[in-house]
Amino acid sequence: KSHKELLIPSMSCHAKTNVMFLKTHKTASSTVLNIMFRFVERYNLTVALPAGQLLHLGYPKTFLAYFVEEFQSIGQNYNIMCNHLRFNVSEVHKVMAANTFYFSILRNPIHLLESSYVYYKDSVPAFRTSKDVNEYLASPTKYYHPANYKQNIYARNIMWFDFGYDNNAEDNKKYIQTVLKEIEQNFHLILIADYFDESMILLKHTLCWDLDDVIYFKLNSRSQDTIQTLTPESKEQIKSWCSLDWKLYLHFNQSFWRRIEETIGLNELEKEVNHLRTRQKELMETCLLDQEAVGKDHIKNKALLPFQSGATNILGYNLKQDLDNRTLRTCQKMVMPELQYTSYLYAVQHPHKKRKQLGLPLLWTSFQEK
């Protein structure tokens with residue numbers, strides 16, 4: 001089959017609606033989750049949501065089917081699964097239909113580790129006991145004790161861990177080849193956060209979605225002033241300290257660009273990325289008071305305040321005041337943080353269950369009218 005036919009608009013293909021997204025940590029995955037949730041609402045799909053009061057699918061435990069709300073009665077009739085989980089192919093297969101499309105996203109481990117460090121500073125022993133990210137990386141084994149491996153997962157090879165593998169495994173060529181092959185068998189597509197817009201265009205083509213399905217506002221990002229500058233030594237150190245993640249990233253970054261060249265081509269890609277950015281800018285002008293993300297202290301509607309962690313200042317958005325109902329709804333959904341959106345969809349999908357307690361001033365009323 002030639003790849004060219006992918007370029008013909010939706011006459012030749014139907015939007016895929018059975019999709020599993022493995023949400024990795026600190027990889028722009030909250031933005032992808034928001035895209036998935038809006039898609040769910042557009043097509044009135046069923047999501048595999050965390051059971052009971054869980055806000056993720058059992059993470060960091062290895063995923064089991066019963067972590068999904070009403071799995072016993074709904075069985076394999078979920079369309080979408082996208083909340084955090086630690087991948088476990090056999091259990092995910094119990095929940096998702098046989099024709100499900102699987103994808104995930106990776107990020108350059110150099111940026112990833114610095115982001116994890118700031119975000120998880122207070123909760124990860126290896127981070128907590130070091131002064132800053134460069135001190136940690138100068139001698140990780142001084143702070144990272146294998147005995148604490150469960151609390152320290154964010155401090156080393158977190159992507160490897162999210163995919164279900166041992167993040168403290170020894171780096172040996174044969175083992176890495178086996179894992180990469182397994183991931184290629186389990187996932188149809190791996191996106192790259194460092195090329196997020198390009199990733200969204202590739203996703204749109206692969207799933208046969210519309211441009212509006214992959215339009216996004218950047219979610220769960222942090223203010224510039226919380227970013228720590230890595231020394232050149234630290235950057236090199238990450239490649240060896242997180243060598244499993246580094247090799248994972250290099251491998252899939254390569255296949256990502258190969259995939260783009262085979263399916264879309266770089267010229268078309270550039271056109272579509274520009275189109276995406278133009279449309280995004282239009283939507284930001286329509287929706288947002290400040291045309292940009294603002295710090296936590298400047299978010300007026302506390303129902304739209306994202307979860308705050310570590311030494312970060314997680315940014316959010318203020319919506320314009322006098323939007324008509326339909327526009328307001330669209331804009332609200334685009335800026336709704338992960339926990340609020342999960343909780344909202346849970347209430348819609350499981351109306352008789354006790355609502356999730358977020359410990360946030362959740363103004364249900366503002367999201368209620370659908």
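Small disclaimer: the values here were computed from a predicted structure and weren't measured.

## Description of the pattern of salt bridges
When their charged atoms lie close together, side chains carrying opposite charge are able to pair.
Piece 1. Under the criterion given, the structure shown has 17 salt bridges.
Piece 2. Here Lys-23 and Glu-338 are joined by a salt bridge, their closest N and O atoms 3.1 Å apart. On the criterion of sequence distance, the pair formed by Lys-23 in the loop between strand 1 (19–22) and helix 1 (29–43) and Glu-338 in helix 16 (residues 338–349) is long-range, its members being 315 residues apart. Judged on exposure class, the residue Lys-23 and its partner Glu-338 are both buried.
Piece 3. Arg-42 is the partner of Asp-210 in a salt bridge, and the nearest nitrogen-oxygen pair spans 3.0 Å. Here Asp-210, found in the loop between helix 10 (196–207) and helix 11 (211–214), pairs with Arg-42, found in helix 1; they are 168 residues apart in sequence, far enough to count as distant.
Piece 4. Exposure remark for Arg-42: the relative accessible area of 46% places this residue in the partly exposed category.
Piece 5. When salt bridges that share partners are traced, they join Arg-42, Asp-210 and Asp-213 into one network.

## Things to note about the nonpolar core
Generally speaking, a soluble globular protein has its nonpolar side chains buried in company with each other.
Piece 1. Formed by 116 residues in total, the largest nonpolar core has its most connected members in Met-81, Val-95, Phe-103, Tyr-136 and Met-200.
Piece 2. With residues near it in sequence (within four places) discarded, Met-200 still touches Val-32, Ile-35, Leu-191, Val-214, Tyr-216 and Leu-276.

## A short note on the packing of helix 1 against helix 16
Piece 1. Where helix 1 meets helix 16, the closest approach of the two axes is 10 Å, and the angle between their N-to-C directions is 25 degrees. Taken together, helix 1 and helix 16 sit at an angle that is classed as roughly parallel. Here helix 1 and helix 16 pass one another in a crossing that is left-handed. Counting all contacts with helix 1, which are made through Ser-30, Leu-33, Asn-34, Phe-37, Arg-38 and Glu-41, the residues of helix 16 involved are Glu-338, Tyr-341, Thr-342, Tyr-344 and Leu-345.
Piece 2. The residue makeup of the contact of helix 1 with helix 16, split by class, is five nonpolar, three polar and three charged.

## Thoughts on the environment of Ser-255
Piece 1. Within the element layout of this structure, Ser-255 appears in helix 13 (residues 243–263).
Piece 2. Each C-alpha atom, one on Ser-255 and one on Leu-189, is 9.2 Å from the other, the two residues being 66 residues apart in sequence.

## Considerations on the packing of aromatic side chains
Piece 1. Under the counting rule described, the total for this entry stands at 28 aromatic pairs.
Piece 2. For the ring pair Tyr-117 and Phe-127, a centre distance of 4.7 Å and an interplane angle of 50 degrees mean the geometry is tilted. Taken as a pair, Tyr-117 in helix 4 (residues 109–119) and Phe-127 in helix 5 (residues 125–128) lie far apart in primary sequence, ten residues in all. One exposure class covers both Tyr-117 and Phe-127, and it is buried.
Piece 3. Between the aromatic rings of Phe-256 and Trp-257, the centroid separation amounts to 5.1 Å while the plane-to-plane angle is 85 degrees, which identifies the pairing as edge-to-face.
Piece 4. According to the relative accessible area criterion, Trp-257 is partly exposed, its value standing at 23%.

## Remarks on the layout of surface pockets
Piece 1. Estimated volume of the largest pocket: approximately 1,300 Å³.
Piece 2. Residue assignment for the lining of the largest pocket shows that the elements contributing at least two residues are helix 1, helix 4 and helix 16.
Piece 3. Of the voids in this model, the second largest pocket is the one considered here, and its volume is about 630 Å³.
Piece 4. Looking at the second largest pocket, it is lined by 20 residues, and the ones nearest its centre are Arg-38, Arg-326, Arg-329, Thr-330 and Lys-333.

## Brief notes about empty space enclosed by the protein
Piece 1. Taken as a whole, this structure holds one cavity of 30 Å³ or more when the rule is applied.
Piece 2. Volume-wise, the largest cavity comes out at about 60 Å³.
Piece 3. For the lining of the largest cavity, the element with the most residues is helix 4, which contributes four residues.
Piece 4. Residue composition of the lining of the largest cavity, grouped by class: seven nonpolar, two polar and two charged.

## Points about unusual backbone geometry
Piece 1. Cis geometry marks the peptide bond from Tyr-59 to Pro-60, where omega comes out at 5 degrees.
Piece 2. Of note in this structure, Ala-28 is not a glycine but carries a positive phi near 70 degrees.
Piece 3. Topologically, Ala-28 is positioned in the loop between strand 1 and helix 1.
Piece 4. Even without being glycine, Cys-208 reaches a positive phi, approximately 65 degrees.
Piece 5. Locating Cys-208 in the fold gives a position in the loop between helix 10 and helix 11.

## Comments concerning the sheet that holds strand 3 (residues 101–106)
Piece 1. Overall, parallel pairing links the four strands, which are arranged 2-1-3-4 in an open sheet. With one partner strand each, in any of the chains shown, strand 2 (80–81) and strand 4 (189–192) form the two edges of the open sheet.
Piece 2. Pairing geometry for strand 3 and strand 4, over four bridges, is parallel. Note that in strand 4 the partner of Phe-103 across the bridge is Leu-189.
Piece 3. The strands touched by helix 10 are strand 1, strand 3 and strand 4; relative to strand 4, the strand with the most contacts, the crossing angle is about 155 degrees.

## Here we look at the confidence of the model for the chain
Piece 1. This prediction gives the chain a mean pLDDT of 92; 94% of its residues lie at or above 70.
Piece 2. Long-range and interchain partners of residues 361–370, a stretch whose pLDDT sits below 50, account for 26 contacts in this model, where long-range means more than four residues apart.

What counts, and where the lines are drawn
Residues numbered from 1 in each chain as written. Predicted model: local features only at pLDDT ≥ 70, side-chain atom pairs only at ≥ 80, totals over all residues. Heavy atoms only, no water. Salt bridge = Lys/Arg side-chain N within 4 Å of Asp/Glu carboxyl O. Helix = DSSP H or I, 4+ residues; strand = E, 2+ residues; numbered from the N terminus. Buried < 20%, exposed > 50% of the residue type's maximum accessible area, 1.4 Å probe, protein only. Core = buried A, V, L, I, M, F, W, Y, C linked by side-chain atoms within 4.5 Å. Contact = heavy atoms within 4.5 Å. Axes fitted to C-alpha atoms, helices over the stretch in contact; angles between N-to-C directions. Parallel < 35°, antiparallel > 145°, perpendicular 65-115°, else oblique. Left-handed = near helix turned anticlockwise from the far one by under 90°. Nonpolar A, V, L, I, M, F, W, Y, C, P; charged D, E, K, R; others polar. Phe/Tyr/Trp six-rings, centres within 6.5 Å; stacked < 30°, edge-to-face > 60°. 1 Å grid on protein atoms, 1.4 Å probe; cavity = no way out; pocket = protein on both sides within 12 Å on 5 of 7 lines; lining within 4 Å. Points joined across faces, edges and corners; volume = space filled by probe spheres on them. Pairing = 2+ DSSP bridges. pLDDT = per-residue confidence, 0-100.

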